[in-house]
Amino acid sequence: RNILYTRRVAEDLMDTPKVSKQVKRFAADVAHYANDLEFFSRQLGIALKMPVGVDPPYLPIDIMVAPLHPVAAVMFTAKRFQLPKDVVARSHC
């Protein structure tokens, strides 16, 4: 996402009327470089068959580092600490 924000800021800087030509040229270089990085990251995500975000800039999502939904966290924790069936059966007798 930071690449998208960098590109947008550079494009806004290029459109600002009171900016020198040298700053506009550097902003154009940064915007072009950020655009290339966005494209490369999308292509890499497609090659690795990663899920892609639904909001711009549509970048790949690494699910392994995403926060776990609270309901899923409770389910996984309960399953991990589940008692064996013979212990549960003896407690009901």
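In what follows, the structure referred to is the one given above.
No experiment lies behind these values; they were computed from the predicted model shown.

Here is what the cut-offs are and how they apply
Per chain, residues are indexed from 1 in the order of the written sequence. Only residues with pLDDT of at least 70 are given local features in this predicted model, and only at 80 or more are side-chain atom pairs given and counted; all residues enter the totals for whole chains, interfaces and linings. Excluding hydrogens and water, the side-chain figures rest on all heavy atoms present in the structure. Numbering of helices and strands runs from the N terminus; a helix is a DSSP stretch of H or I covering at least four residues, while a strand is a stretch of E covering at least two. In this analysis, two residues are considered to be in contact whenever any of their non-hydrogen atoms come within 4.5 Å of each other. The Shrake-Rupley method, run with a 1.4 Å probe, gives the accessible areas here. Residue values count only the displayed protein chains as cover. In a helix, the anticipated span is given by 1.5 Å times the number of residues less one. A 1.4 Å probe rolled over the protein chains alone gives each residue an accessible area, and that area as a share of the maximum for its type sets the label: buried under 20%, exposed over 50%, partly exposed in between. Our arc is simply the arc of the directions from the helix axis toward the C-beta atoms. Every case where a carboxyl oxygen of Asp or Glu lies within 4 Å of a side-chain nitrogen of Lys or Arg is listed as a salt bridge.

### So, the overall build of the chain
Right, so step 1: Regarding its fold elements, the chain presents four helices and zero strands.
Right, so step 2: Long-range contacts, defined as pairs at least 24 residues apart, comprise 31% of the intrachain contacts of the chain with a sequence gap of at least 6.
Right, so step 3: Summing over all exposed atoms, the chain offers an accessible surface of approximately 8,000 Å²; the carbon and sulfur share of this is 66%.

### Considerations on helix α1 (residues 2-15)
Right, so step 1: The terminal C-alpha atoms of α1, which comprises 14 residues, lie 20 Å apart, in line with the 20 Å expected from a rise of 1.5 Å per residue.
Right, so step 2: All of the buried residues along α1 are L4, R7 and A10. End-on, the buried residues of α1 take up no more than an arc of 130°, which puts them together on one face. Residues of α1 that are exposed and angled more than 90 degrees away from the buried face: N2, V9 and D12.
Right, so step 3: Packing partners of the buried residues in α1 comprise α2 (21-47).

### Notes on the environment of F40
Right, so step 1: Within the element layout of this structure, F40 appears in helix α2.
Right, so step 2: A C-alpha to C-alpha distance of 9.9 Å links F40 and L59, two positions 19 residues apart in sequence.

### Quick word on the side chain of R7
Right, so step 1: Position of R7 among the secondary structure elements: in helix α1.
Right, so step 2: When near neighbours in sequence (up to four residues on either side) are disregarded, R7 contacts A31, A34, N35 and E38.

### Structural notes on the pattern of salt bridges
Where charged atoms of side chains with opposite charge meet at close range, the side chains can pair.
Right, so step 1: Here the structure, examined in full by the defined rule, presents three salt bridges.
Right, so step 2: In this structure, R7 engages E11 in a salt bridge whose closest nitrogen and oxygen atoms are separated by 3.3 Å. Placement of the pair is R7 and E11 together in helix α1, with a separation of four residues, close to one helical turn.
Right, so step 3: Among the residues examined, R7 registers a relative accessible area of 17% and is labelled buried.
Right, so step 4: E11 sits in the partly exposed class, given a relative accessible area of 29%.
Right, so step 5: R7 is paired through a salt bridge with E38; the nearest N and O atoms lie 2.6 Å apart. Taken together, the residues R7 in helix α1 and E38 in helix α2 connect sequence positions 31 residues apart.
Right, so step 6: A network of salt bridges, in which partner residues are shared, links R7, E11, E38 and R42.

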